[in-house]
Each structure stands twice: as structure tokens, then as C-alpha cells.
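Summary of structural features
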Amino acid sequence: MRIRSMMMGAAALVVAGALAQHAQAEGFENIVLSASEGAEETQATFAPDTAKIFLSADLTDAVASGSKLTVSWISVDSGGVAPANYKIDEVSFEIGMIENHVDASMTKPDAGWPVGTYQVQIAVDDALKETVDFAVK
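With that out of the way, let us pick up the packing of aromatic side chains. Summed over all chains, the structure comprises three aromatic pairs. Seen from their ring centres, Phe46 and Phe134 are 5.9 Å apart, and the 85° between their planes marks the pair as edge-to-face. Here Phe134 lies in strand β10 (residues 127-136) and Phe46 lies in strand β4 (residues 45-46), a separation of 88 residues in the sequence. Here Phe46 matches Phe134 in class, with each residue buried.

Put into C-alpha cells, the structure is as follows:
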């Protein structure tokens, strides 16, 4: 049986959320984006004062041991606070034989999340496998 692997994103200058969806993609199940760690329901929008945004996903056997998993946080449109499609942060790690879950998070910037649209991208071996859209309102 595989066990849980934790991965945390660093705080960023810009980020936030709307348009999120409970998703499933090749290699992933139960993708959840939420203001609460361990949540079972995905949130589509977040407030500018949301302390942290959490992403969790279960890996399927389609993600082979030794694969490089990358989670990227993207500011799609933050009203000019950051350039369009700006990569705020990303975290990568190699999948081990016993890992079947990934958790990532982004901490609120000091001034709060800029209002706008955002996206979390999940890639395996540099191939984009899933995107989760969200907004801050």
C-alpha cells in the first residue's frame, strides 16, 4: 500500500481562487482545492483574506514510481498586479514506490490575495495532466 506524501508551496506575492471543480484526470483522482486542509469538497472562489489555499489529490497507478510531479500556482489575471499567466510558485518532487497522495498549499500574501482568476497546474514528467481553475472575489 502506498502512503501519503506531503508537499507544501511557499508563500507568494500573488495568488487566489475561483472556478475550481472536483476533478479527475489521467493519473489523478479526488482533486480538491479548498481553504481548509483535508477538505472533501472543492471551492470555486476564495476571499482576499483567505489564510491558505490547499490542493490535495490522490495518485493512481498511472503515475509511475520515479516520475517527477510538479504543482504550479498561476495568476491567470490579477487585474495588473502580476502579468497575465504569471507563475507564482511551483514545487516538484519524485514519486516513490509507496506514495499515493499529494498535498500542496499556497499562503496568503501580506497584502491579501489580489482579486482575479488563478489556476493550479499538475504535471507529471513535465507533461501537463490537470488544471484546476479558481478565483478570488
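Now that the structure is up, let's keep going.
Turning our attention to the pairing of strand β6 (residues 68-77). Most of β6 sits out of view: seven of its ten residues are buried. The pairing of β6 with strand β7 (residues 86-94) spans eight bridges and is antiparallel. Within the sheet, the bridge partner assigned to Ser72 lies in β7 and is Glu90. Here β6 runs beside strand β9 (residues 116-124); their pairing, made up of eight bridges, is antiparallel. Each bridged residue has a counterpart across the sheet, and for Asp77 the counterpart in β9 is Thr117.

Definitions and limits used
- Residues numbered from 1 in each chain as written.
- Predicted model: local features only at pLDDT ≥ 70, side-chain atom pairs only at ≥ 80, totals over all residues.
- Heavy atoms only, no water.
- Phe/Tyr/Trp six-rings, centres within 6.5 Å; stacked < 30°, edge-to-face > 60°.
- Helix = DSSP H or I, 4+ residues; strand = E, 2+ residues; numbered from the N terminus.
- Buried < 20%, exposed > 50% of the residue type's maximum accessible area, 1.4 Å probe, protein only.
- Pairing = 2+ DSSP bridges.

Remember, this is a structural readout, not a statement about activity or role.
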